[in-house]
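# Examination of the molecular architecture
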Amino acid sequence: MNTHKALLAALLVPLGATLAIAPAAFAATPSAPPAASAAGPKEAAPAAFGSPEAALGRVAHPLRTTEPRGGLADLRPFGRMVGDARVVGLGEATHSSHEFFTLRHRVLRYLVEEKGFRAFALEAPWSTGLRLDAYLTHGTGDLKQIMDEEFQGTYRWWNNAEYRDLLQWIRAYNVKHPKDPVRFVGDDGGFAGAQLYDKVGAYAAKARPELAPKLTELYRGLRPATDAETYVNDYLAKPLAERKELAERTGRAVDLLKKRPGTGADADAHAWALQHATAIHQMTTLYAFDWDDPQDISAGMRYRDRIMAENVTWWQQRTGDKILLAAHNGHLTLKAYAPGTCPKAQGEFLREQLGDGYLSVGLTFDHGSFNAFGQDGAVHRFTAGPAAPGTTEHTLDRVRHRDYVVDLRNAPATARTWLATPHTVKNIGATYPGIADAPQIRLAASHDVVIHLHRVQAARMLK
């Protein structure tokens, strides 16, 4: 197995989805998107009295649309489900379907306008988040250039028309509300951009000049001088021993800053510099795992989800912002979908750190299309047929609404046994097919709320 290719797959594809073939129940083929369905209620077979779909239908709330424009009144029941949560994790069952992105945009609008949310966090590097945040709050840079340069490799799924529209909406909102902006957070550790080294160095030069030469030496050879994809490929080509030594060096840089805590007016600047140094160390630590060793893969995946949760929690507690968090269902779940590959998910860490301040919202779909890497490494558009009987989506799609949101915490007793029983669920990552495309999960143990969509279509990638 090629080490750095395997690492990229395990690191950036949810739950190691490149390692095996998906079960036949969810077989999908490269294809054009399916024809559009009617906008009204589904023509499903009548649900039997007392069935889980009938019970869920009594408490499910229909969605008017998945598109971001227009009125938001149909999201008020969702707002009641959110309650006082400070972080709402809104998932996706594929990494590249139009409706998952547009619904996320619509929910963000609602949470910003009606619930006081002021940050959007994405499964992207911390340094990417800083660059996008500067654009969204101050207009720094060009959005197309930032997206092209930051969303590379398997982060390319975020370089799509739907996220461009979401980011443009945030920018327009911030122009109108410069003193109360919506911020952007990158919570992942797959890359550490040059600005992180520059920010840590600038802080040290100004506030801790005695540390500046030591930090310069510890960071020697690490600051990126190429594009992100080239940098990561070159970094992963280094021998494991060298990557471990680099992680040890960046850890010493973090320790140096911790030993010189900020006080008074310097406290905030010090906290941010320490977080930037921590993000650098997160990347080098992530790449110091042996991704050809199955046990190390499991430990590395657990580490990745832990640092994503820590970065979100750090931002929330530092700024006070309420955050809409975007990631795959398998990261935002309250209980790992595939514990053998990813033993503890970001959502589990967030529940431990924030308690009921974290809300997990899973997104499911019955059928439709999505973009993903094929087994040949190229990008393809795949189509998934209607869910097979006995699967999670088959039951959810028989609820009387086409697209809807349902609070699993308040499900009727008739549905609770079904929700507590393991059922197969679609869980399609960046590469298709994959080892965790159809795990068995207990829906009630995995998410607080579910949004089910009848049909999705592939997102429009920009590059």
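Residues numbered from 1 in each chain as written. Predicted model: local features only at pLDDT ≥ 70, side-chain atom pairs only at ≥ 80, totals over all residues. Heavy atoms only, no water.

### Quick notes on the confidence of the model for the chain
The predicted coordinates of low-pLDDT regions are not to be read in fine detail. Note the threshold: How sure the predictor is of each residue is captured by pLDDT, a score from 0 to 100. Throughout, a residue-residue contact means that at least one pair of heavy atoms, one from each residue, lies within 4.5 Å.
When the pLDDT values of the chain are averaged, the result is 91; 89% of them are 70 or greater. In the model, residues 31-41 has pLDDT below 50 throughout and makes 22 contacts with residues more than four positions away in sequence or in other chains. Long-range and interchain partners of residues 43-47, a stretch whose pLDDT sits below 50, account for 5 contacts in this model, where long-range means more than four residues apart.

### Concerning the pairing of strand β6 (residues 323-326)
Our working rule: Exposure classes here rest on a 1.4 Å probe applied to the protein chains alone. A residue is buried below 20% of its type maximum, exposed above 50%, and partly exposed in between. Working definition: helices are DSSP H or I runs of at least four residues, strands are E runs of at least two. Numbering for both runs from the N terminus. The rule for pairing is simple: two strands pair if DSSP sees at least two bridges between them.
What you see with β6 is no split at all: Ile 323 and Leu 325 on one side and Leu 324 and Ala 326 on the other are buried throughout. Where strand β3 (residues 87-90) meets β6, 4 bridges bridge the pair, whose relative direction is parallel. Its bridge partner lying in β6, Val 88 is registered against Leu 324. Taken together, the 4 bridges between strand β4 (residues 119-125) and β6 define a ladder with parallel strand orientation. Paired with Ala 121 across the strands is Leu 325, a residue of β6.

### So, the nonpolar core
The condition that has to hold: Buried Ala, Val, Leu, Ile, Met, Phe, Trp, Tyr and Cys residues that are joined via side-chain atoms within 4.5 Å together make up what is termed a nonpolar core.
Phe 78, Val 88, Phe 120, Leu 122, Trp 158, Val 361 and Ile 451 are the most contacted members of the largest nonpolar core, which totals 60 residues. For this core, the element with the most residues is helix α4 (residues 98-115), which contributes 8 residues. Other than its neighbours up to four places away in sequence, Phe 78 contacts Val 88, Val 107, Leu 111, Val 361, Val 405 and Val 449. Grouped together as the second largest cluster of nonpolar side chains are 58 residues, Phe 289, Met 301, Trp 315 and Cys 342 included.

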